[in-house]
Amino acid sequence: MIEKHIILEDVDPIIFYGVKNAHLQMIKSLYPKLRIVARDNVMKVLGDEEQVAHLEECVEKLQQHCVKYNVLTEETIIDIIKGKQTSTSDKKDSAIVYSMGGRPIKARTENQQRLVDAFNSSDMIFAIGPAGTGKTYTSIALAVKALKEKQIKKIILSRPAVEAGEKLGFLPGDMKEKIDPYLQPLYDALEDMIPATKLQEMIEKHVIQIAPLAFMRGRTLSDAVVILDEAQNTTTAQIKMFLTRMGMNTKMIITGDCTQIDLPRSVRSGLLQALEVLRDVEGISFIEMNDKDIIRNKLVTKIVKAYDKWNNTESSDTL
């Protein structure tokens, strides 16, 4: 008889144990000769050494399944423990990661797939296109995958906090409360891919960092995937500062929509300049998305086309 403490390191215990501990009860029923007690992320197991070792091996496989798919079923538990399914990583599919409901998140258009391919071949990627083309969402999915597979140590997400009508200093709350509304779309994407308790833990431990662009100054960003969203609202000095933060084992993704620049008319977008300056630099990929990549409500595609038509008409009238 031995006693073993099995620690659930990478998985949310709520997902692992199941609603009302249904998954835990299933595991206990499959190991009737073991005494299993679980509290928080620790499973205390008492029993025959061989059976304890088998349980420990199966728990590791179940954790891998949870990390990848964000879901666990009783069927999966039975398959893994009874040896019908040796490893979830053996399954080949086109999913980047899986949502909280187990839905595969994958490239859904040709240009989104180009973004995925560029991530595997380039250290810096510019993904440019209109709203709804999945630039940010796909980029964050790629970053989450790299983190789950331990290719990197952290994810850093940033946006320029461009004021629209109200000055930050006059908004209520402390600095975090002032800037969080600018960063909410990034939180939304992460919450769709990482369990809430695990995400909060990662943020507290700075494994995932979400900050305004101004907070990047003076840093060297290594062992990370760094995403700059809404880059069309950066100045030339800001985007140069950001791009030169790149450290070792780091990938950068810069996303933006050149038709939605919120800077004052007298200030040129840093993204537009960067696209001109860096176009021929080897090792940088450029992905240009269009209305065919829009995966939101079909009405969004019609809105984008209508504005494009109107802008073209305006340009012609001014000539």
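Note that the coordinates shown come from a computational prediction; the quantities given were computed from them, not determined experimentally.

**Q** Explain the environment of Asp48 to me, please; I cannot follow it from the model alone.
**A** For Asp48, the position within the fold is in the loop between strand 3 (42-47) and helix 3 (49-69). Sequence separation between Asp48 and Ile2 is 46 residues, and the spatial gap between their C-alpha atoms is 6.4 Å. Leave out the neighbours within four places in its chain, and Asp48 touches Met1 and Leu34. A distance of 3.1 Å separates the side chain of Asp48 from the backbone nitrogen of Glu50, its partner in a polar contact. Among the polar contacts made by the side chain of Asp48, one reaches the main-chain amide nitrogen of Gln51 at a distance of 3.2 Å.

**Q** What exactly am I supposed to notice about the pairing of strand 8 (residues 208-212) here?
**A** On a regular strand, each side chain points to the face opposite its neighbour's, so the side chains alternate between the two faces of the sheet. Most of strand 8 sits inside the fold, with five of its five residues counted as buried. Of the two faces of strand 8, the one holding Ile208, Ile210 and Pro212 and the one holding Gln209 and Ala211 are both buried throughout. Examined bridge by bridge, strand 7 (residues 154-159) and strand 8 share five bridges and lie parallel to one another. Following the sheet pairing, Arg159 is matched in strand 8 by Pro212.

**Q** Which parts of the structure should I look at to understand a nonpolar patch on the surface?
**A** Nonpolar side chains collect at one region of the surface, where Leu299, Ile303, Tyr307 and Trp310 lie side by side and expose about 470 Å² of accessible area between them. Note on Leu299: relative accessible area 49%, which makes it partly exposed.

**Q** Can you help me understand the nonpolar core in this one?
**A** Taken as a class, soluble globular proteins show a tendency for nonpolar side chains to be buried jointly. Ile140, Leu190, Met193 and Ile208 are the most contacted members of the largest nonpolar core, which totals 36 residues. Residue assignment for this core shows that the elements contributing at least two residues are helix 5 (110-121), strand 6 (124-128), helix 6 (135-148), strand 7, helix 7 (175-191), helix 8 (196-204), strand 8 and strand 9 (224-228). No other element matches helix 6, which puts seven residues into this core. Leaving out residues up to four positions away in the same chain, Leu190 has contacts with Ile140, Val144, Leu157, Leu199, Ile208 and Ile210.

**Q** What am I meant to see in the packing of aromatic side chains here?
**A** Taken as a whole, this structure holds three aromatic pairs when the rule is applied. Taking 5.3 Å as the distance between ring centres and 15° as the angle between the ring planes, the aromatic pair formed by Phe126 and Phe286 counts as stacked. Residue Phe126 is located in strand 6, and its partner Phe286 is located in strand 11 (residues 284-288); the two are separated by 160 residues in the primary sequence. Taking the relative accessible area as the measure of exposure, Phe126 reaches 0% and is therefore buried.

**Q** Which parts of the structure should I look at to understand the packing of helix 5 against helix 6?
**A** Between two packed helices, the angle of one axis relative to the other and the distance separating the axes together describe the packing. The interhelical angle for the contact between helix 5 and helix 6, taken along N-to-C directions, is 35°, at an axis separation of 10 Å. In this structure, helix 5 crosses over helix 6, and the sense of that crossing is right-handed. Here Gln112, Leu115, Val116 and Phe119 of helix 5 come into contact with helix 6, specifically with Lys135, Thr138, Ser139, Leu142 and Ala146.

**Q** It is not clear to me how the environment of Thr76 should be interpreted in this structure. Could you clarify?
**A** If you trace the backbone, Thr76 turns up in helix 4 (residues 74-81). With a relative accessible area of 10%, Thr76 lands in the buried category. Linking Thr76 and His65, residues 11 residues apart in sequence, is a C-alpha distance of 8.7 Å.

**Q** What is the right way to look at the sheet that holds strand 1 (residues 2-7) in this model?
**A** Whenever strands of a sheet pair, they do so through backbone hydrogen bonds, lying parallel or antiparallel. Taking strand neighbours across the sheet as the criterion, the three strands line up as 1-3-2 in an open arrangement whose pairing is antiparallel. For this open sheet the edge positions go to strand 1 and strand 2 (35-39), each flanked by a neighbour on one side alone. Taking the axes of each pair of neighbouring strands and ignoring which way they run, one obtains an average angle of 15° across the sheet. Against the sheet, helix 3 contacts strand 1, strand 2 and strand 3, and its axis sits at roughly 5° relative to strand 1.

**Q** What is the right way to read the side chain of Arg245 from this model?
**A** With respect to the secondary-structure elements, Arg245 resides in the loop between helix 9 (236-243) and strand 10 (250-256). Lacking a salt bridge, the buried Arg245 has Asp223 as its closest oppositely charged neighbour, with an N-O distance of 16 Å.

**Q** Which parts of the structure should I look at to understand the pattern of salt bridges?
**A** Side chains that differ in charge, positive against negative, can pair when their charged atoms come close. Summed over all chains, the structure comprises 11 salt bridges. The residue Lys61 makes a salt bridge to Glu57 at a minimum N-O spacing of 3.4 Å. Within this pair, Lys61 and its partner Glu57 are both found in helix 3, separated by four residues, close to a single helical turn. By relative accessible area, Glu57 is classed as partly exposed at 45%. Among the charged side chains, a salt-bridge network with shared partners connects Arg159, Asp229 and Glu230.

Rules used throughout
Residues numbered from 1 in each chain as written. Predicted model: local features only at pLDDT ≥ 70, side-chain atom pairs only at ≥ 80, totals over all residues. Heavy atoms only, no water. Helix = DSSP H or I, 4+ residues; strand = E, 2+ residues; numbered from the N terminus. Contact = heavy atoms within 4.5 Å. Polar contact = N/O pair within 3.5 Å; in protein donor to acceptor, adjacent residues only side chain to side chain. Buried < 20%, exposed > 50% of the residue type's maximum accessible area, 1.4 Å probe, protein only. Pairing = 2+ DSSP bridges. Patch = residues over 30% accessible without salt bridge, like charges linked within 9 Å, V, L, I, M, F, W, Y side chains within 5 Å. Areas by Shrake-Rupley, 256 points an atom, 1.4 Å probe, with all protein chains shown as cover. Salt bridge = Lys/Arg side-chain N within 4 Å of Asp/Glu carboxyl O. Core = buried A, V, L, I, M, F, W, Y, C linked by side-chain atoms within 4.5 Å. Phe/Tyr/Trp six-rings, centres within 6.5 Å; stacked < 30°, edge-to-face > 60°. Axes fitted to C-alpha atoms, helices over the stretch in contact; angles between N-to-C directions. Left-handed = near helix turned anticlockwise from the far one by under 90°. Lys, Arg positive; Asp, Glu negative; His and termini not counted.

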